[in-house]
Amino acid sequence: MSAEFVNLTAENLPHEHLCCIIRSKKFHPGIDAKRQWLCGRLKEGHVFRKLNEKATVFIEYAPLETAWVPIIGDNYYYLYCLWVSGSCKGKGYGKALMEYCLADAGKNGKSGICMLGATKQKAWLSDQSFAKKFGFKVADTIGNGYELLALSLDGTLPSFSQRAKKLELESRELTIYYDMQCPYVYQNIGIIRQYCETNGVPVSFIHVDSLQKAKELPCVFNNWAVFYKGKFETVNLLPDVAALKRILKK
């Protein structure tokens, strides 16, 4: 396979496409929000590597110490996303991106790489069966079927924070934690807010806008988390009203 990849930098960030929403020809506020989020993260060692074509082929990872997730561990990388979609599947791009991350970890003396997984594949999480082919194994578990997968290079393992394992809130109203890493978050908030206002459903949106807030979350998190009636529900975005209604019926 011969392919050209590019890493986002402070210099090329303003004009490189961000893979996730590439079919929209109009201005998309979610893309602008992600660019702003990335601008702060790149200086912390965040890596966004993508195929140098207009395609959804990319990987995002960061040092665990500066990754916006309630996971603790020393000297690990956290893999947020590894995505290959559409006609790009089956061409070895995912393998190339994962191998780049592994080589980067080895070059920088990292203890390993970890990622959020689940006992059953979740729609908004990277393909865990693919990751397991590279040696990722379950390092920690948490409620609602979520797992922390890790590929250890030195025998050490990361874990979910004790606070993350709480998976409960005192508030019983619909509560959504979010950051702006994913371009789809912006439009999801709009869909949910409109439905809740129209139907009189109380809802709280909590913007996770700092590393400290992310590390102290009472649940698993990749960029989104939903609670209802005090219980954690999902890290899956709710892209339509039907997905929201399924939770509100509980």
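Quantities reported herein were computed from a predicted structural model and do not represent experimental measurements.

Conventions we followed
- Residues numbered from 1 in each chain as written.
- Predicted model: local features only at pLDDT ≥ 70, side-chain atom pairs only at ≥ 80, totals over all residues.
- Heavy atoms only, no water.
- Helix = DSSP H or I, 4+ residues; strand = E, 2+ residues; numbered from the N terminus.
- Rg over C-alpha atoms; globule rule 2.2 N^0.38 Å.
- Buried < 20%, exposed > 50% of the residue type's maximum accessible area, 1.4 Å probe, protein only.
- Contact = heavy atoms within 4.5 Å.
- Phe/Tyr/Trp six-rings, centres within 6.5 Å; stacked < 30°, edge-to-face > 60°.
- Pairing = 2+ DSSP bridges.
- Axes fitted to C-alpha atoms, helices over the stretch in contact; angles between N-to-C directions.
- Right-handed = clockwise from strand over helix to strand, strands pointing away.

**Student:** What's the story with the overall build of the protein in this structure? I'm lost.
**Tutor:** What the protein contains, in helices and strands, is 6 helices and 13 strands. Here the C-alpha atoms of the protein give a radius of gyration of 18 Å, agreeing with the 18 Å that 2.2 N^0.38 yields for 250 residues. Principal-axis analysis of the C-alpha atoms gives the protein an extent of 55 × 45 × 30 Å. Going through the 250 residues of the protein one by one, you find that 52% of them count as buried. Considering only intrachain contacts with a sequence separation of at least 6, the fraction spanning at least 24 residues in the protein is 65%.

**Student:** Quick question: what am I supposed to make of unusual backbone geometry here?
**Tutor:** Leaving glycine aside, a negative phi is the common case for residues, and trans is the common case for peptide bonds. Phi at N144 takes a positive value of approximately 65°, unusual for a residue other than glycine. Counting through the fold element by element, N144 comes out in the loop between β7 (137–141) and β8 (146–152).

**Student:** Mind showing me how you'd approach the packing of aromatic side chains here?
**Tutor:** Each aromatic ring pair is specified by the distance between its two centres and by the angle formed by the two planes. Applying the stated criterion across every chain, the model contains 11 aromatic pairs. A centroid spacing of 5.5 Å and a plane angle of 80° characterise the contact between W37 and W68, whose relative ring orientation is edge-to-face. Separated by 31 residues along the polypeptide, W37 in helix α1 (residues 29–42) and W68 in the loop between β3 (57–63) and β4 (71–72) bring together distant segments of the chain. A relative accessible area of 5% means that W68 is categorised as buried. Here a set of aromatic residues connected by ring pairs shows up, and it is made of W37, W68, Y78 and Y80.

**Student:** Can you help me understand the environment of I247 in this one?
**Tutor:** Assignment of secondary structure puts I247 in helix α6 (residues 241–248). As a C-alpha pair, I247 and Y77 span 170 residues in sequence and 33 Å in three-dimensional space. For I247, the residues in contact, after removing those within four places along its chain, are V226, Y228, E233, T234 and L238.

**Student:** What should I look at first to understand the sheet that holds β3 in this one?
**Tutor:** In a beta sheet, neighbouring strands pair by backbone hydrogen bonds and run either parallel or antiparallel. Pairing in this open sheet of 7 strands is mixed, and the strands run β1-β2-β3-β5-β6-β8-β7 from one edge to the other. Whereas interior strands pair on both sides, the edge strands pair on one side only; in this sheet they are β1 (5–7) and β7. Each adjacent strand pair in this sheet contributes to an overall mean axis angle of 30°, direction not counted. Direction of pairing for β7 relative to β8: antiparallel, over a ladder of 4 bridges.

**Student:** Hey, could you run me through the pairing of strand β11 (residues 203–207) in this one?
**Tutor:** Every other side chain in a regular strand lies on the same face of the sheet, so the side chains alternate between the two faces. In the sheet, strand β10 (residues 174–178) pairs with β11 via 5 bridges, with the strands oriented parallel. Looking across to β11, one finds that L174 is bridged to V203. Note on the crossover from β10 through helix α4 (residues 184–199) to β11: the handedness is right-handed.

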